[in-house]
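Letter by letter, the chains look like this.
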Amino acid sequence: MGRPSLRSFTSMVCIAFLVWSSSSFESCIARSGRRHWRRHDGDNGLSASLSKKKPKSHGSSSHHHHNGGPSKKAPPSAPAKAPNSPAPSSKPPKHVPVASPAPPPPPPTAATPAPLKDSLTFNVLDFGATGDGKCDDTKAFQAAWAAACKVERSVMLVPEKYQFLVGPISFSGPYCQKGITFQVDGTIVAPMNSNAWGKGLLQWLEFSKLVEITIQGKGTIDGSGSVWWQDNPYVEPDNLAPQIIPLDNSTLLQKHPPPLQTELSSKMPSTKPTAVRFYGSLNATVTGITIQNSPQCHLKFDNCIGVMVHHIRVSSPGDSPNTDGVHLQNSRDVLIHSSTLGCETGCTNVYIHDVNCGPGHGISIGSLGRYNTRACVSNITVKNVNMHNTMTGVRIKTWQGGSGSVSGIMFSDIQLTEVQFPIVIDQFYCDKSTCKNQSSAVSVSGINYQRIKGTYTVKPVHFACSDNLPCIDISLTSIELKPLQEKYHLYDPFCWATYGELNTPTTPPIECLQIGKPTSNRPQTDHDTC
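Residues numbered from 1 in each chain as written. Predicted model: local features only at pLDDT ≥ 70, side-chain atom pairs only at ≥ 80, totals over all residues. Heavy atoms only, no water.

As for the overall build of the protein chain
Filter applied, for reference: Labels follow the DSSP assignment, with helices taken as runs of H or I lasting at least four residues and strands as runs of E lasting at least two, numbered in each case from the N terminus. Each residue is assigned to one of three classes by its accessible area relative to the maximum for its type, calculated with a 1.4 Å probe on protein chains only: buried under 20%, partly exposed between the two thresholds, exposed over 50%. By definition, residues are in contact when any of their heavy atoms lie within 4.5 Å. Shrake-Rupley sampling with a 1.4 Å probe provides the accessible areas, and residues are treated as covered by the protein chains on show and by no other component.
Looking only at helices and strands, one finds three helices and 34 strands in the protein chain. By the burial criterion, 58% of the 530 residues in the protein chain qualify as buried. Residue pairs at least 24 apart in sequence account for 82% of intrachain contacts in the protein chain once pairs closer than 6 positions are excluded. Carbon and sulfur atoms make up 51% of the accessible area of the protein chain, which amounts to about 21,200 Å² in all.

Examining the state of the cysteines
Cut-off, in case you're wondering: Any two cysteine sulfur atoms within 2.5 Å of one another count as a disulfide.
Counted under the stated rule, the structure contains five disulfides. Two residues share a disulfide in this structure: C465 and C471, whose sulfurs sit 2.0 Å from each other. Judged by the sign of its S-S torsion, about -100 degrees, the bond between C465 and C471 is left-handed. Neither C465 nor C471 differs from the other in exposure class; each is buried.

With respect to the pattern of salt bridges
Definition in use: Between Lys or Arg on one side and Asp or Glu on the other, a salt bridge is scored when a side-chain nitrogen of the former is within 4 Å of a carboxyl oxygen of the latter.
Enumeration over the complete set of coordinates arrives at eight salt bridges. Between E160 and K218 there is a salt bridge, and its shortest N-O distance comes to 3.2 Å. Here E160, found in the loop between β6 (155–158) and β7 (163–165), pairs with K218, found in the loop between β12 (214–216) and β13 (220–222); they are 58 residues apart in sequence, far enough to count as distant. Among the residues examined, K218 registers a relative accessible area of 52% and is labelled exposed. Between K517 and D473 there is a salt bridge; the shortest N-O distance is 3.7 Å. Of this pair, K517 sits in the segment after β34 (514–515) while D473 sits in strand β31 (residues 471–483), and the two are 44 residues apart along the sequence. The exposure class of K517 is exposed, given its relative accessible area of 57%. Salt bridges sharing partners connect three or more residues here, namely E206, R277 and D302.

A look at the side chain of K459
Applicable threshold: Identification of polar contacts relies on pairs of N or O atoms within 3.5 Å, with a donor-acceptor requirement for protein atoms, meaning one able to donate a hydrogen and the other able to accept it, and with residues adjacent in sequence counted only if both atoms are side-chain atoms.
Relative to the helices and strands, K459 is located in the loop between β29 (443–456) and β30 (461–464). Separated by 2.6 Å, the side chains of K459 and Q243 make a polar contact. The contact partners of K459, leaving out residues within four places of it in the chain, are Q243, Q420, F421, P422, Y491, D492 and F494.

Comments concerning the environment of L202
As for its placement among the helices and strands, L202 is situated in the loop between β10 (187–189) and β11 (203–208). Take L202: its relative accessible area is 60%, and that puts it in the exposed class. Between the C-alpha atoms of L202 and T274, which are 72 residues apart in sequence, the distance is 6.1 Å. Every residue in contact with L202, bar those within four places of it in the chain, is listed here: T271, K272, P273 and T274.

Focus: the UniProt feature "active site" (unreviewed entry) in the protein chain
Test applied: UniProt positions are given in the numbering used here, feature names are shortened, and annotations may be inferred rather than shown by experiment.
UniProt records the feature "active site" (unreviewed entry) for H361 in the present numbering. With respect to the secondary-structure elements, H361 resides in the loop between β23 (348–357) and β24 (363–368).

Re the confidence of the model for the protein chain
So the rule is basically this: As a per-residue measure, pLDDT reflects the predictor's confidence and takes values from 0 up to 100.
Mean pLDDT over the protein chain stands at 78; residues scoring 70 or higher make up 69%. Within the model, the stretch residues 1–24 combines pLDDT values under 50 with 148 contacts to residues more than four positions away or in other chains. Low pLDDT, under 50, characterises residues 253–265; the stretch is placed with 29 contacts to residues that sit more than four places away or in other chains.

So, the pairing of β6
Each regular strand shows side chains that alternate between the opposite faces of the sheet. Note the following rule: Think of it this way: DSSP has to see at least two bridges between two strands before they count as a pair.
Burial along β6 is two-sided: V155 and L157 facing one way and M156 and V158 facing the other are all buried. Pairing geometry for strand β4 (residues 121–123) and β6, over three bridges, is parallel. Note that in β6 the partner of F122 across the bridge is M156. Inspection of the sheet shows β6 paired to strand β9 (residues 181–184) by four bridges, in the parallel sense. Of the residues in β9, the one forming a bridge with M156 is F182.

Side note on the pairing of β31
In this sheet, β31 lies alongside β29 in parallel orientation, the contact comprising 10 bridges. Paired with I452 across the two strands is I479, which belongs to β31. Note: β31 against strand β33 (residues 498–502), four bridges, orientation parallel. Each residue of the ladder has a partner; that of S475, found in β33, is E501.

Observations regarding the side chain of N123
Position of N123 relative to the elements: it lies in strand β4. A distance of 2.9 Å separates a polar atom in the side chain of N123 from the backbone nitrogen of L125.

Re the nonpolar core
Threshold: Residues belong to one nonpolar core when they are buried, are Ala, Val, Leu, Ile, Met, Phe, Trp, Tyr or Cys, and are joined through side-chain atoms within 4.5 Å.
Membership of the largest hydrophobic core comes to 98 residues, with the highest contact counts inside it found for F141, F278, F301, F411 and Y449. Core analysis: the next-biggest nonpolar cluster, separate from the first, contains eight residues, I244, M391, F421 and Y488 among them.

Observations concerning the packing of aromatic side chains
Our working definition: Classification of ring pairs rests on two measures: the distance between centres of Phe, Tyr or Trp rings, Trp counted by its six-membered ring, which must be within 6.5 Å, and the angle between planes, read as stacked under 30 degrees, edge-to-face over 60 and tilted in between.
Throughout the structure, instances matching the rule amount to 13 aromatic pairs. Ring centres of Y449 and F463 lie 6.0 Å apart, and the angle between their planes is 35 degrees; on these two criteria the pair is classed as tilted. Note that Y449 is positioned in strand β29 and F463 in strand β30, a separation of 14 residues in sequence. Take Y449 and F463: they sit in the same class, and that class is buried. By the ring-pair criterion, three or more aromatic residues cluster together here, those being W145, F171, F182, F207, F278 and F301.

Below, the structure written as C-alpha cells:
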C-alpha cells in the first residue's frame with residue numbers, strides 16, 4: 001500500500017491496544033514518571049442480582065488444612081487456627097466466609113459462579129513455605145496447589161505479613177475442581193537469580209485450563225523487574241515519536257536509567273516473562289490485588305472466555321519497557337473496570353469502564369496484523385476514562401501486510417489532560433526506523449468517538465489509513481480538544497484515506513475527514529474477512 005508523501009503526511013507514528021503478530025489491546029502503558037493504576041470507587045450502583053459474589057479476603061486466622069501435604073509448625077508470627085475451628089475429624093471443617101460487596105456483573109455470556117460454601121483453606125505455610133523472602137517456597141506452593149486442586153471451591157491462602165520467594169510455576173488444570181480461589185494477602189516475589197529462569201520463559205505465574213478461578217486479596221505480586229529492565233536502554237518504540245518536537249528543538253531520546261551492574265542481572269535471559277498469565281480458562285476473575293514491577297506485561301489473558309478484572313492496582317516505573325497493564329489475546333466476553341488494561345489476536349465483546357490512566361501510552365487496540373497475520377477484533381467499548389500526561393489517548397494501530405478487520409468500536413466519555421495525540425488510527429504502524437510498504441491491510445470500520453474532551457500538546461487527531469483499504473464509517477460526536485503549547489510544536493488534525501461523518505461541530509474543526517464512503521473498500525479475499 002502506498003504511503004502518503006512525507007510532505008502531506010508529515011510523519012506517521014503511533015502506539016497500541018496490544019495485539020502483536022496479529023492483534024492486541026494495550027492500555028495505560030507507562031512511559032515517563034511512575035505509573036499507577038489505582039482503585040476507582042465511583043461504580044457502586046450495579047445490580048447485585050447479576051453480580052458475582054466473592055468471599056472477603058481470608059486473613060491469617062483462617063483454619064489450615066493438614067491433609068494431603070507436608071505440615072510444619074508455623075513461626076511465632078504465623079497465623080493460628082481460629083478459636084472456633086472444629087476438632088479434627090474425618091469430615092473437612094466448614095468455613096462460611098462473609099460475602100464482600102458484590103462486584104459489577106460479568107459479561108452477559110459469562111456464567112456467574114455461586115457463592116462459596118464449605119470451602120477448605122490450604123495455607124502455603126502448612127506445606128513447607130517459610131515466607132521469609134529468601135528461601136525458595138516454590139515447592140510449597142506446588143504442594144498447596146496440588147491439594148487445593150482436588151477440592152471444589154477451595155482456597156489456596158498466601159497469608160499476610162509474609163513474603164514468599166516463588167520461581168516460575170504453573171497452577172494448572174484441566175483436572176482441577178472448579179471455583180478455586182487463590183487468596184493473596186501476603187507478598188509473592190519473583191527470583192532475581194538467572195538460574196531460576198533457564199534460557200527464558202514467557203510467564204512467571206501461570207493459571208492454565210481452569211474453570212471459575214479467582215485471584216483476590218489485599219496482597220502484592222512483585223515481578224522484580226528491575227534486573228530485567230536495566231540492560232535495555234529505553235527508546236520510544238513508536239512511529240509517532242518523530243512528530244514530538246520540543247519547542248527548543250532538543251532531543252527527546254529517553255533512556256532507561258544507567259544499569260546497576262550486578263553479577264546476577266548481567267545473566268538474565270533476553271526473553272522477559274509476563275508476571276501473571278491465564279491461559280485457556282473459563283470465567284476468570286482478578287480483584288483487589290496489586291501487581292507491580294513485572295519484567296514485561298503484568299496481567300495477560302490468552303484464549304479465555306468470561307474474564308472479569310476490577311479494583312486492581314498495577315504499578316511499575318514509567319520508563320520500564322513494554323510493561324503493559326492488562327493484555328488480552330484471543331479472548332472474549334471481558335469486563336474490566338476500576339483498573340487498567342491491553343488486547344491481542346481476536347478479541348470480541350470487551351467492555352472497559354471507569355479507568356484512570358497516566359502517565360503512559362493510553363488505551364490501544366493493536367498492533368494488529370504483524371508478520372502478515374490475520375486479526376479479528378470487534379465489539380469493544382471503552383467509556384468513562386480519565387487520561388493524564390499520556391502519549392496517546394485512544395488508538396487503533398495495524399501493520400501493513402496484515403488481513404482481517406477491526407470493527408464495532410466505541411470510545412466514549414473520555415476526559416484528557418495534556419495528552420500528546422488524543423485520537424489516533426494508524427494503518428502504517430511500524431516500531432522500526434523503516435518498514436516495507438505492502439498493499440494488504442487489516443480493515444478498519446465502524447469506529448465511534450463520542451464526548452472526548454480535554455487538552456492536547458502535539459496533535460488532536462491523527463487518521464493515517466491505507467490507500468487500498470481506507471478507513472470507513474468513522475463517526476465523531478462532541479469532540480472538544482484544546483491545545484496546550486507548553487513543550488512541543490503543535491499540529492492541525494491529520495487525515496489520510498479516512499471516510500465517515502461529523503455528527504456535531506468539533507473543536508478544532510476536523511475538515512480533513514472525507515464525508516461518505518470511498519468507491520471501493522472491500523477485503524482482498526473471503527479468507528480475509530472475520
